[in-house]
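# A structural walkthrough
Below, each chain spelled out in residue letters.
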Amino acid sequence: MRITQGTFSFLPDLTDEQITKQIDYCLSRGWALGVEYTDDPHPRNTYWEMYGAPMFDLRDPAGIMQELAQCRATFPNHYIRLTAFDSTQGVESLVVAFIVNRPKVEPGFRLVRHEQAGRSIRYTIESYAVQAQPEGARY
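Note that this is a predicted model, so its numbers are computed, not measured. Residues take numbers from 1 onward in each chain, read along the sequence in its written order. This being a predicted model, a pLDDT of at least 70 is required before a residue's local features are given, and a value of 80 or more before pairs of side-chain atoms are given or counted; all residues contribute to the totals for chains, interfaces and linings. Calculation of side-chain values draws on the structure's entire complement of heavy atoms; hydrogens and water are dropped beforehand.

## Some thoughts on the side chain of N101
Which entries qualify depends on this criterion: A run of H or I in DSSP counts as a helix once it spans at least four residues, and a run of E counts as a strand once it spans at least two, with each numbered from the N terminus. Accessible area is worked out with a 1.4 Å probe on protein chains only. A residue is then buried under 20% of its type maximum, exposed over 50%, and partly exposed in between. We call two N or O atoms a polar contact when they sit within 3.5 Å, provided that within protein one can donate a hydrogen and the other can accept it, with sequence-adjacent residues counted only if both atoms are side-chain atoms. Contact criterion: two residues are considered in contact whenever any of their non-hydrogen atoms come within 4.5 Å of each other.
For N101, the location among the structural elements is in strand β4 (residues 93–101). Judged by relative accessible area, N101 falls into the buried class, the value being 16%. Polar contacts involving the side chain of N101 include one to the main-chain carbonyl oxygen of H78, which spans 3.0 Å. Apart from the residues within four sequence positions on either side, N101 is in contact with R72, F75, P76, H78, Y79 and I80.

See the structure below:
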């Protein structure tokens, strides 16, 4: 199952050269970039783990690509995304987020059916990554 989240989600995976061009675009607008990772890309899991601090002071894509390379080396079997924040309005607003690394095998999700009172049916999505190892045992 291929997870499709964020900007460019329905395109093939970006090459490092294409990622560098996107970083350059973000930096040209004065946006700060951050590197985040997770093994559970559930659609409601919006807060991934930060890899280092957001890079507010970098103006060269090479520094961000170096941070990305370190994150890939540390977490090769996780999803990694780049996020860009626009602080011009006085708030850190996310303007771009895209996946730049995927595990070799994407675990996917299962649909769980819950029958409620009055014949109502509720569905939830559970990540196979979370089922394989509980929280706290995956890192």
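## Observations regarding the packing of helix α1 (residues 16–28) against helix α2 (residues 61–74)
Spelled out, the test is: What counts as an axis is a line fitted to C-alpha atoms, over the stretch in contact for a helix, and the angles between N-to-C directions run from 0 to 180 degrees. When an angle is under 35 degrees it counts as roughly parallel; over 145 it counts as roughly antiparallel; between 65 and 115 it counts as roughly perpendicular; any other value is oblique. For any helix crossing, the convention is left-handed if the near helix is rotated counterclockwise from the far helix by under a right angle, and right-handed if that rotation is clockwise. We call Asp, Glu, Lys and Arg charged. Ala, Val, Leu, Ile, Met, Phe, Trp, Tyr, Cys and Pro are nonpolar, and the rest, Gly among them, are polar.
It is at 9 Å that the axes of α1 and α2 come closest, and there the two elements cross at 130°. The angle between α1 and α2 places the two elements in the oblique class. Crossing hand, α1 versus α2: right-handed. Across from D16, I19, T20, I23, D24 and L27 in α1, the residues of α2 making contact are P61, I64, M65, L68 and R72. By residue class, the composition of the contact of α1 with α2 is seven nonpolar, one polar and three charged.

## Section: the confidence of the model for the chain
Low pLDDT marks stretches whose predicted atomic positions should not be read closely. To keep things clear, this is the line we draw: Scored from 0 to 100, pLDDT reflects the predictor's confidence in each residue.
Of all residues in the chain, 91% attain a pLDDT of 70 or more, and the chain-wide mean is 85. Here helix α3 (residues 128–132) is the element of the chain with the lowest mean pLDDT, 69, and α2 is the one with the highest, 96.

## Re α1
Rules: Between the first and last residue of a helix there are one fewer steps than residues, each counted as 1.5 Å, and that sum is the expected span. Starting at the helix axis, one direction is taken to each C-beta atom, and the arc is that of these directions.
Taking 1.5 Å as the rise per residue, α1 with 13 residues should run 18 Å; its terminal C-alpha atoms sit 18 Å apart, in good agreement. Along α1, the positions that sit buried rather than exposed are I19, I23, C26 and L27. Seen end-on, α1 carries its buried residues on one side only, within an arc spanning 95°. Looking at α1, the residues exposed on the side facing more than 90 degrees away from the buried face are E17, K21 and S28. Those residues of α1 hidden inside the fold are in contact with β1 (32–38), α2, β3 (79–86) and β4. Phi turns positive, to about 80°, at G30, one or two residues after α1.

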